[in-house]
Amino acid sequence: MFKYRGVFMKLRDSYHVYAFITVVFWSLAYVFSRLAMQHFSPYPLGFLRYITASAFLVFVVVFKKIKPPEIKDMPWFAVSGAAGFFIYMLTFNKGTGMVPSATSSVIIATAPIMTALMARVVYKEKLKVHQWAATGIEFFGIIILTLMGGDFAVNEGIIWLLMAAFSLSVYNLLQRKMTKMYEPLRVTAYSIFFGTAMLCIFAGDACREAASASLDQFVNILVLGVLSSALAYISWAKAFSKAENTSSVSNYMFVTPFITAVFGFVFAGEVPDAATVVGGGIIMCGVFLFFKDNFFKQKETK
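The rules behind these values
Numbering of residues begins from 1 in every chain and follows the order in which that chain's sequence is written. Restriction of local features to residues with pLDDT of at least 70 applies here, the model being predicted, together with a cutoff of 80 or more for giving and counting side-chain atom pairs; totals for whole chains, interfaces and linings are based on all residues. Water and hydrogen atoms were dropped before computing side-chain values, which therefore reflect all heavy atoms in the structure. One side-chain nitrogen of Lys or Arg within 4 Å of one carboxyl oxygen of Asp or Glu is enough to make a salt bridge. Burial classes: relative accessible area under 20% of the type maximum marks a residue as buried, over 50% as exposed, and values in between as partly exposed (1.4 Å probe, protein chains only). In this text, helices come from DSSP runs of H or I with a minimum length of four residues, and strands from runs of E with a minimum of two, each type numbered from the N-terminal end. In this description, contact between two residues means that some pair of their heavy atoms is separated by no more than 4.5 Å. Contacts described as polar in this section are N or O atom pairs within 3.5 Å, which, within protein, must combine one atom able to donate a hydrogen with one able to accept it, while residues neighboring in sequence count only if both atoms come from side chains. A score between 0 and 100, pLDDT records how confident the predictor is in each residue. We call a set of buried residues a nonpolar core when its members are Ala, Val, Leu, Ile, Met, Phe, Trp, Tyr or Cys and they connect through side-chain atoms within 4.5 Å of each other. The span one expects for a helix is its residue count, reduced by one, times 1.5 Å. What the bend at a residue measures is the angle between two axes, fitted to the seven residues ending there and to the seven starting there. Side-chain rings of Phe, Tyr and Trp, where Trp is taken by its six-membered ring, are said to pair if the distance between their centres is within 6.5 Å; with planes under 30 degrees apart they count as stacked, over 60 as edge-to-face, and otherwise as tilted. Axis angles are defined between N-to-C directions and span 0 to 180 degrees, where every axis is a line fitted to C-alpha atoms and, for a helix, only to the segment in contact. Throughout, the term roughly parallel applies to angles under 35 degrees, roughly antiparallel to angles over 145, roughly perpendicular to angles from 65 to 115, and oblique to all others. Handedness of a helix crossing follows the sense of rotation of the near helix relative to the far helix, less than a right angle counterclockwise being left-handed and clockwise being right-handed. The classification used treats Ala, Val, Leu, Ile, Met, Phe, Trp, Tyr, Cys and Pro as nonpolar, Asp, Glu, Lys and Arg as charged, and all other residues, Gly among them, as polar.

Enquirer: Provide a residue-level description of the pattern of salt bridges, including the pertinent values.
Expert: Inspection of the entire model under this criterion finds four salt bridges. One salt bridge in this structure joins Glu70 and Lys72, with 3.7 Å as the shortest N-O distance. Relative accessible area serves as the criterion here: at 45%, Glu70 is assigned to the partly exposed category. A salt bridge links Asp73 to Lys72; the nearest nitrogen and oxygen atoms lie 3.4 Å apart. Note on Asp73: relative accessible area 7%, which makes it buried. Each of the salt bridges in this network shares a partner with another, and the network as a whole consists of Glu70, Lys72 and Asp73.

Enquirer: Can you explain the environment of Thr115? Please cite residues and give values.
Expert: Note that Thr115 resides in helix α6 (residues 111-122). Take Thr115: its relative accessible area is 0%, and that puts it in the buried class. Separated by 54 residues in sequence, Thr115 and Ser169 place their C-alpha atoms 4.8 Å apart. Every residue in contact with Thr115, bar those within four places of it in the chain, is listed here: Ser169, Asn172, Leu173, Thr246 and Ser250. Within the structure, Thr115 has its side chain in polar contact with the backbone oxygen of Ala111 (distance 2.8 Å).

Enquirer: Describe in detail unusual backbone geometry, supporting the description with residues and values.
Expert: When glycine is set aside, most residues are seen to have a negative phi, and most peptide bonds are trans. Even without a glycine there, the phi angle at Lys65 is positive, about 55 degrees. Counting through the fold element by element, Lys65 comes out in the loop between α3 (42-63) and α4 (74-96).

Enquirer: An account of the confidence of the model for the protein chain is requested, with residue identities and associated values reported.
Expert: Reading predicted coordinates in detail is not appropriate for stretches of low pLDDT. The predicted model of the protein chain averages 80 in pLDDT, with 79% of residues at 70 or higher. Counting contacts from residues 298-302, a segment whose pLDDT is below 50, to residues more than four positions away or on other chains yields zero contacts.

Enquirer: Which residues make up the nonpolar core, and what values do they have?
Expert: When a protein is soluble and globular, its nonpolar side chains tend to lie buried together. Formed by 75 residues in total, the largest nonpolar core has its most connected members in Leu57, Trp236 and Val249. If one sorts the elements of this core by residue count, helix α2 (residues 15-36) sits on top with twelve residues. If sequence neighbours within four positions are ignored, Val249 has contacts with Tyr15, Ala19, Trp236, Ala239, Phe240 and Ala243.

Enquirer: Could you give me a rundown of helix α11 (residues 215-242), with the residues and numbers involved?
Expert: Between its first and last C-alpha atoms α11 spans 39 Å; for 28 residues at 1.5 Å apiece the expected length is 40 Å, and the two agree. Roughly 35 degrees is the biggest bend found in α11, and it falls at Ala232.

Enquirer: Hey, could you go over the packing of aromatic side chains for me, with residue numbers and the actual values?
Expert: Enumeration over the complete set of coordinates arrives at 13 aromatic pairs. Seen from their ring centres, Phe85 and Tyr171 are 5.4 Å apart, and the 75 degrees between their planes marks the pair as edge-to-face. Pair noted here: Phe85 is in helix α4 and Tyr171 is in helix α8 (residues 156-178), with a separation of 86 residues, a long-range link. With respect to burial, Phe85 and Tyr171 carry one shared label: buried.

Enquirer: Any details on the packing of helix α9 (residues 184-199) against α11? Residues and values, ideally.
Expert: Put simply, α9 and α11 touch, their axes get as near as 8 Å, and they point 135 degrees apart. The angle between the axes of α9 and α11 places the two elements in the oblique class. Classified by chirality, the crossing of α11 by α9 is right-handed. Side by side, α9 and α11 meet where Pro184, Leu185, Thr188 and Ile192 of the first sit next to Ser229, Ala230, Tyr233, Ile234, Ala237, Lys238 and Ser241 of the second. When its residues are assigned to classes, the contact of α9 with α11 shows seven nonpolar, three polar and one charged.

Enquirer: Give me the lowdown on the side chain of Ser33, citing residues and values where you can.
Expert: Among the secondary structure elements, Ser33 is positioned in helix α2. Not counting residues within four places of it along the chain, the set of residues in contact with Ser33 comprises Leu45, Arg49 and Leu224.

Enquirer: Go over α3 with me, naming the residues and quoting the values.
Expert: The terminal C-alpha atoms of α3 lie 32 Å apart, and with 22 residues this matches the ideal 32 Å at 1.5 Å per residue to within 8%. Just beyond α3, the residue with positive phi is Lys65, at close to 55 degrees.

Enquirer: A description of the side chain of Thr22 should follow, citing residues and the corresponding values.
Expert: Considering the arrangement of structural elements, one finds Thr22 in helix α2. A polar side-chain atom of Thr22 sits 3.0 Å from the main-chain carbonyl oxygen of Ala232. Setting aside residues up to four positions removed in sequence, Thr22 forms contacts with Ala232, Ser235 and Trp236.

Now the structure itself:
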């Protein structure tokens, strides 16, 4: 019994668990967003997703009696909300409407690379040679997974998607800083509150579309708001608060397309093709290489 309790405590203190939980919930978002956009437009859907997340987080904040951040730190939360939820959603939706999904997947996959480069400059964090090699392998796996049998387009949409990837990278760096100042739940909740307030410009269209939505569509929004937004970002912030460097957490983003393909099969009946199997295998090899020090260190201490 004590042995299992020790394992549980070790897992609870590991950023790997929280990062993996996040990418699982984010992978659900791609599937349920496609289902929701059978009725909702992209921007109104974004508002409904985050107003749902905010409503859930208000309940959590009140229940756990979490105080607001200090006034002097509010600008950090505003920038975090803008980068992670408002700007990212606008640029991502704009870009994905102009290029094939294969192209958007590859461009967004540059976010962990941008995060690593920016963390090197801002926080003086260094990756080992094998970790840079692993990052390259993972990105190659993304290319195989998304472009093998697909199509790649070069147009203005790539600029918007690069802005989205950059915005997401800025959010990652802010999480690293802010979780040193406040607990992860408070960082996530108030960042989402600010982001949702900015998304209120789409509230009118969202209300009009929601008036004719089916019950299934509201279930889709509930999944997106609670699991893929509120709980996912709390877990993401928790991972940053426990990790030694930023890239160790952001590297998990490479796994998202592969898990998305698995969920696409489970929830939408989308049968994985050869590209998914080959690309997913390459990505997982890269992930193992990136974290091999952690793996062997844990193995040796047993």
